[in-house]
Amino acid sequence: MLTFRCSTLLYILFLVSLLDLSSIHSITAVGLPINVWPNPTTFNWTHPESVPLSPSFTITSPYHKYLTPAVSRYLRQILKEHHTPLITPSVNSPSSFPLKSLRISVLDISAPLTHGVSESYNLTVPGAGAGGVTAVMTAATPWAAMRGLETFSQLVWGNPGRVGSGLFISDTPLFGHRGVLLDTSRNFFSVDDILRLIKGMSMNKLNVFHWHITDSHSFPIMVPSEPMLSEKGSYGGDMVYTPEHVKRVVEFGFQHGVRVLPEIDMPGHTGSWAEAYPEIVACAKMFWWPAGSGWADRLASEPGTGQLNPLNPKTYEVLKNVIRDVIAMFPEPFFHAGSDEIVPGCWKVDKTIQTFLANNGTLSQVLEIFVNTTNPYIVSQNRTVVYWEDVMLDDAVKVDPAYLPKETTILQTWNNGPNNTKRIVNAGYRAIVSSSDFYYLDCGHGGFVGNDSQYAQKPGTDQGKGGSWCAPFKTWQTIYNYDITYGLNKEQAKLVLGGEVALWTEQADPTVLDSRVWPRASAMAEALWSGNVNESGMKRYAEATDRLIEWRHRMVNRGIGAEAIQPLWCIRNPTMCNTVQDV
């Protein structure tokens, strides 16, 4: 094995020695006739050409439980996709032998799918003049090989198939955490919907499916030790995720190089738990905004009240069963424990907590009791705990950082854009960025509450945000151009693990899943993989437009219902749809 690794490394060094590295960085996907999304880190293709793809094309790789099926899946796709680009690739097609095979070598075949695993690969497709019939990929890990397979699949088009040749790609992501959050509590999504989402994520080289499973509205996951939670807290028996369903999702994730990160939101957003255990939930089934009260005295930030009572010992009996069983279902080493939006009014209506406050206790101390009881238990299960930023940054209810060990705690930010990211890393914590100003996919669709008088204004009234607290709609350009390390120095930026776009589902269900997520999540995918600027440091959103249109076209042909971003006329009439005329 040592001989294999050394020879592979020598091969990489040999390839690199053949290249003018100063020119690599000046060659990007801009103007290249074949589209690869996300744009590779380096794409050296000085003289674009293509060769036929042999009808008997094969892919060889070392055996691996998940890579081997992925190779078979990509081989079928490459041979059968027959993709027709919107704009016919303009490449030289000299008479040549067809490309007969892709040979994959993997440096560390046993590397687990976890945060920080290398996704780096090199891909060489020989040119017609070289007389080569075999493309070569060298991947750091099986998961890197999956990324390279995706890239290779996008180099193939036409019927009969052709493949871009005479090229070298060296690729590695800027950020190790690149995810999509889906809320399956407010509206239910079938396992097939989730698998389709993961499939689309893999196409875009996204690697974390953040599954926001539970919330106040429903408890859709069946926990073996606490079956009443889903029996009574779900929307119905046909809207429950069984352990078998979870296993299917997790395995599908592995097969596509996507980690599945579970979130059990607590102690807030837990009204659904009260269906089974009303004694452990404060303010459950109460109207969320009592008549005549101000916003500060609300019981929840939206309809659906309920927060676990940290002062009731029964709470922890149930919680430990839930945490243990969920961790057993998800091998992912991160566990998301929520802890966002603790609303003071909810806890204040509980008599036990009222007594605690009357004895000079504070609501922050109530939360500290909860965190200090649950956090060590989660960590004891060999998990790193992810919390929403509120647990430390909320204005009213927050814990002392002493309760949040930096070694085993990650904070996910959703408020105040780069300002809160900076607060998190300045405190020494790792951060995942999901800023609602840039990465919330549900924004801009109005509000969902009924009898809302703001929609009954006279014509001509300023509509403001149209009922959506986080409006406007986050366009793909807004997402693409966001720099998640904005305002940070190099040392601070190292603590930013990456980012996630989020689809909260008050107003989304399976009928709009694909169009709400894609291709806007594709925009984040490229920004977090190879960046949103060119070699001169200029934002590259202008040239990315046509490439994203082409990529969206291929995704649709692959069964992903991504929404359109321009009329077809625009890509067929270059620059005519720009805001400013090119001169």
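Residues numbered from 1 in each chain as written. Predicted model: local features only at pLDDT ≥ 70, side-chain atom pairs only at ≥ 80, totals over all residues. Heavy atoms only, no water.

1. A few points about the packing of aromatic side chains
For any two aromatic rings, the description comes down to two numbers: the centre-to-centre distance and the angle of the planes. For the record, the criterion: Paired rings are identified among Phe, Tyr and Trp, the last through its six-membered ring, by centres lying within 6.5 Å, and are further divided according to the angle between planes into stacked (under 30 degrees), edge-to-face (over 60) and tilted (the rest). The classification of residues rests on relative accessible area computed with a 1.4 Å probe and restricted to protein chains. Under 20% of the type maximum is buried, over 50% is exposed, and intermediate values are partly exposed. Should the NZ of a Lys or the CZ of an Arg lie within 6 Å of a ring centre and within 35 degrees of the ring normal, that charge is described as sitting over the ring.
For the coordinates displayed, the defined rule picks out 23 aromatic pairs. A centroid spacing of 5.8 Å and a plane angle of 15° characterise the contact between Phe-43 and Trp-45, whose relative ring orientation is stacked. The burial state of Phe-43 is the same as that of Trp-45; both residues are buried. For the ring pair Trp-288 and Trp-295, a centre distance of 6.1 Å and an interplane angle of 80° mean the geometry is edge-to-face. The class of Trp-288 is buried, set by a relative accessible area of 14%. Cation over ring: Lys-205 sits above Trp-529, and NZ or CZ is 5.9 Å from the ring centre. Above the face of the Phe-334 ring, Arg-259 is positioned so that its terminal group lies 5.0 Å from the ring centre.

2. Some details on the sheet that holds strand S8 (residues 167-171)
Strands in a sheet are paired, the pairing made by backbone hydrogen bonds, and the direction either parallel or antiparallel. Threshold: Two strands are said to pair when DSSP picks up at least two bridges between them. By the criteria applied, helices consist of DSSP H or I runs no shorter than four residues and strands consist of E runs no shorter than two, each listed in order from the N terminus.
Strand order in the open sheet made by the eight strands is S1-S8-S4-S5-S3-S2-S7-S6, with mixed pairing throughout. What marks the edges here is a single partner per strand, and that holds for strand S1 (42-44) and strand S6 (156-157). Two elements, S6 and strand S7 (residues 162-165), share two bridges in a ladder whose sense is antiparallel. Bridge pairing in S7 links Val-156 to Val-163.

3. Some details on the environment of Val-349
To keep it simple, the criterion reads: Any two residues having at least one pair of non-hydrogen atoms within 4.5 Å are treated as being in contact.
By secondary structure assignment, the location of Val-349 is in the loop between helix H9 (344-348) and helix H10 (351-358). For Val-349, a relative accessible area of 37% corresponds to the partly exposed category. Put simply, Val-349 and Ala-282 are 67 residues apart on the chain and 7.3 Å apart in space, counted from C-alpha to C-alpha. If we skip the residues at most four places from it in the chain, Val-349 touches Cys-283, Met-286, Leu-299 and Gln-354.

4. Quick word on unusual backbone geometry
At the junction of Met-266 and Pro-267, the peptide bond is cis and its omega measures out at 0° in the coordinates. As for its position among the elements, Pro-267 is in the loop between strand S11 (259-266) and strand S12 (281-282). The omega angle of the peptide bond from Ala-471 to Pro-472 is 10°, so this bond is cis rather than trans. Within the secondary structure, Pro-472 is located in the loop between strand S17 (430-433) and helix H14 (476-481). For Ser-339, which is not a glycine, the phi torsion comes out positive at approximately 70°. You can see Ser-339 is positioned in the loop between strand S14 (334-338) and H9. Residue class for Ser-339 comes out buried when judged on its relative accessible area of 2%. In this structure, Glu-341 takes a positive phi of about 50° despite not being glycine. Assignment of secondary structure puts Glu-341 in the loop between S14 and H9. With relative accessibility at 25%, the residue Glu-341 sits in the partly exposed group.

5. Side note on helix H11 (residues 363-380)
Selection criterion: A helix is expected to reach a length of 1.5 Å times the quantity of its residues less one.
Taking 1.5 Å per residue, 18 residues should reach 26 Å; H11 reaches 26 Å between its end C-alpha atoms and fits that length. For H11, every residue scored as buried is listed here: Leu-363, Ser-364, Val-366, Leu-367, Glu-368, Phe-370, Val-371, Thr-374, Asn-375, Tyr-377 and Ile-378. Asn-382 sits one or two residues past H11 and shows a positive phi near 65°.

6. Description of the UniProt feature "domain: Glycoside hydrolase family 20 catalytic" (unreviewed entry) in the protein
Definition in use: UniProt positions are given in the numbering used here, feature names are shortened, and annotations may be inferred rather than shown by experiment.
Per the UniProt record, the feature "domain: Glycoside hydrolase family 20 catalytic" (unreviewed entry) sits at residues 175-531. With 33% helix and 15% strand, the stretch residues 175-531 has end C-alpha atoms that lie 9 Å from each other.

7. Some remarks on the side chain of Thr-270
Here Thr-270 lies in the loop between S11 and S12. With relative accessibility at 0%, the residue Thr-270 sits in the buried group. Those residues in contact with Thr-270, other than ones at most four positions away along the chain, are Ser-216, Asp-265, Val-281, Gly-306, Gln-307 and Leu-308.

8. Comments concerning the side chain of Asp-350
Stated precisely, the cut-off is as follows: Residues scored as positive are Lys and Arg, those scored as negative are Asp and Glu, and His as well as the terminal groups of each chain are ignored. Salt-bridge detection follows one rule: a side-chain nitrogen of Lys or Arg within 4 Å of a carboxyl oxygen of Asp or Glu. Here a polar contact means two N or O atoms within 3.5 Å. Within protein one must be a hydrogen donor candidate and the other an acceptor candidate, and residues neighboring in sequence count only if both atoms are side-chain atoms.
One can find Asp-350 in the loop between H9 and H10. Lacking a salt bridge, the buried Asp-350 has Lys-351 as its closest oppositely charged neighbour, with an N-O distance of 9.3 Å. Side-chain polar atoms of Asp-350 contact the backbone nitrogen of Ile-353, separated by 3.0 Å. With residues up to four places along the chain from it excluded, the contact list for Asp-350 reads Ala-282 and Asn-309.

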